[in-house]
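# Secondary and tertiary structure notes
Here's the letter readout for the chains.
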Amino acid sequence: MGTPWRKRKGIAGPGLPHLSCALVLQPRAQVGTMSPAIALAFLPLVVTLLVRYRHYFRLLVRTVLLRSLRDCLSGLQIEERAFSYVLTHALPGDPGHILTTLDHWSSCCEYLSHMGPVKGQILMRLVEEKAPACVLELGTYCGYSTLLIARALPPGGRLLTVERDPRTAAVAEKLIRLAGFDEHMVELIVGSSEDVIPCLRTQYQLSRADLVLLAHRPRCYLRDLQLLEAHALLPAGATVLADHVLFPGAPRFLQYAKSCGRYRCRLHHTGLPDFPAIKDGIAQLTYAGPG
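Residues numbered from 1 in each chain as written. Predicted model: local features only at pLDDT ≥ 70, side-chain atom pairs only at ≥ 80, totals over all residues. Heavy atoms only, no water.

We now examine the side chain of E137. Along the polypeptide, E137 turns up in strand β1 (residues 134–138). An unpaired buried charge is present at E137: no salt bridge exists, and R177, the closest side chain of opposite charge, is 11 Å distant. Reaching out from E137, the side chain makes a polar contact with the side chain of S145 at a distance of 2.4 Å. Engagement of the side chain of E137 in a polar contact is seen with the side chain of T146, the distance being 2.6 Å. Ignoring any residue separated from it by four or fewer positions in sequence, one finds E137 in contact with S145, T146, I149, L159, L160, T161, V162 and L213. (Helix = DSSP H or I, 4+ residues; strand = E, 2+ residues; numbered from the N terminus. Buried < 20%, exposed > 50% of the residue type's maximum accessible area, 1.4 Å probe, protein only. Lys, Arg positive; Asp, Glu negative; His and termini not counted. Salt bridge = Lys/Arg side-chain N within 4 Å of Asp/Glu carboxyl O. Polar contact = N/O pair within 3.5 Å; in protein donor to acceptor, adjacent residues only side chain to side chain. Contact = heavy atoms within 4.5 Å.)

Judged by side-chain polarity, I38, F42, L45, V46, L49, L50, Y53, Y56, F57, L60, V64 and L65 come together as a nonpolar surface patch covering roughly 1,100 Å² of accessible area. For the nonpolar patch, the secondary-structure elements that each account for two or more residues are α2 (16–52) and α3 (54–74). Of the residues forming the nonpolar patch, the biggest block, 6 residues, is contributed by α2. Within the secondary structure, V46 sits in helix α2. Classification of V46 by relative accessible area gives partly exposed; the value is 43%. (Patch = residues over 30% accessible without salt bridge, like charges linked within 9 Å, V, L, I, M, F, W, Y side chains within 5 Å. Areas by Shrake-Rupley, 256 points an atom, 1.4 Å probe, with all protein chains shown as cover.)

The space that makes up the largest pocket amounts to roughly 970 Å³. Elements with a contribution of two residues or more to the lining of the largest pocket: α3, α4 (78–89), α7 (144–152), β2 (158–163) and α12 (245–249). When residues in the lining of the largest pocket are grouped by element, the largest group, 7 residues, is from α3. Residue composition of the lining of the largest pocket, by class: 18 nonpolar, 14 polar and 10 charged. (1 Å grid on protein atoms, 1.4 Å probe; cavity = no way out; pocket = protein on both sides within 12 Å on 5 of 7 lines; lining within 4 Å. Points joined across faces, edges and corners; volume = space filled by probe spheres on them. Nonpolar A, V, L, I, M, F, W, Y, C, P; charged D, E, K, R; others polar.)

Counted according to the given criterion, the structure contains 12 salt bridges. In this structure, R81 engages E110 in a salt bridge whose closest nitrogen and oxygen atoms are separated by 2.7 Å. Of this pair, R81 sits in helix α4 while E110 sits in the loop between α5 (95–108) and α6 (116–130), and the two are 29 residues apart along the sequence. Note that R223 is salt-bridged to E194, the shortest N-O span being 3.3 Å. You can see R223 sitting in helix α11 (residues 221–230) and its partner E194 sitting in helix α9 (residues 193–196), a full 29 residues away along the chain.

Across the sheet, which stays open at both edges, the 7 strands sit in the order β3-β2-β1-β4-β5-β7-β6 with mixed pairing between neighbours. The sheet is open, and its two edges are formed by β3 (186–190) and β6 (263–272), each paired on a single side. The average undirected angle you get between the axes of adjacent strands in this sheet is 15°. Two strands pair when backbone bridges link them, and strand β5 (residues 239–242) and strand β7 (residues 275–287) are joined in this way by 4 bridges, in the antiparallel orientation. In the strand pairing of β7, L241 is matched with Q284. Sheet strands touched by α6: β4 (211–214), β5, β6 and β7. Its angle to β6, the strand with the most contacts, is close to 150°. (Pairing = 2+ DSSP bridges. Axes fitted to C-alpha atoms, helices over the stretch in contact; angles between N-to-C directions.)

Attention now goes to the pairing of β6. In this sheet, β7 lies alongside β6 in antiparallel orientation, the contact comprising 10 bridges. When the bridges of β7 are listed, T270 appears paired with D280. Counting the residues that bridge the hairpin from β6 to β7 gives 2 residues, and of these D274 lies at a positive phi of roughly 70°.

What follows is about the environment of L228. Within the secondary structure layout, L228 lies in helix α11. When its relative accessible area of 1% is taken as the criterion, L228 is described as buried. Those residues in contact with L228, other than ones at most four positions away along the chain, are L136, I197, V212, L233 and L234.

All right, on to the side chain of D103 then. With respect to the secondary-structure elements, D103 resides in helix α5. Salt bridges are absent for the buried D103, whose nearest opposite-charge side chain, R151, sits at 8.5 Å. A polar contact of 2.9 Å, which involves the side chain of D103, links it to the side chain of Y144. Leave out the neighbours within four places in its chain, and D103 touches H114, G116, P117 and Y144.

Moving on to the confidence of the model for the chain. With 88% of its residues at a pLDDT of 70 or more, the chain has an overall mean of 89. A low-confidence stretch, residues 1–29 stays under pLDDT 50, and its non-local contacts, those more than four residues away or across chains, total 11 contacts. (pLDDT = per-residue confidence, 0-100.)

In structure tokens form, the structure reads like this:
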């Protein structure tokens, strides 16, 4: 009865200690020698991925890690910090100087994830060409694209801009008024686009939107475009611009716009502000009518 007990414990019997130690130590020795080998085997792959996607890694660090750290340390959102910078460096009543100040702050201080000057030129050129009587913007954010549209509007033009986050909307409101645009020209609506669009005709006296900018959440673009159609807010010939259709991307929206037969589509290829290697684009749709 003693021998089986000694075999299980591995502490007695001729040759048993040597055999049990070999059984116990051999796997540990294999693990210790194989781990560095596995790590070295994957090292070239890791280095290749870091080099190939370095721009996305930098974007992740600036927009998530550093931004979260500064939010915690300052107690302010990035849009609030940007507005404080504008207050001390930009000229009140000068939309162009305010936009340049925001671009400088985003490039040199904290990345703002705004439209930026390259896309901004595309937007302003289209507003000037179309001369829309009424513009609807979904996704005010900090107010950057709002200022671009407002400064390019024809005399008597009106802009309604919608922002779902009350704290961000408060910053945008102050920036818009600082630039010199009053509520008759630029009206900011706080709420989700899904809730606001059905109320535009009755509550905000918007019977038609000659130009629409989608700049909120790409996954909501298709839903909101169909809501605009359902409530007859798009006249024939209306222009719909959609930002970020390539990054992070709005594939279902693009597929619908190209296949439904009610839009002529054009894609303006651009890059992200301060990250030109990350390709993005603005979709320009021309509405042909309900058909």
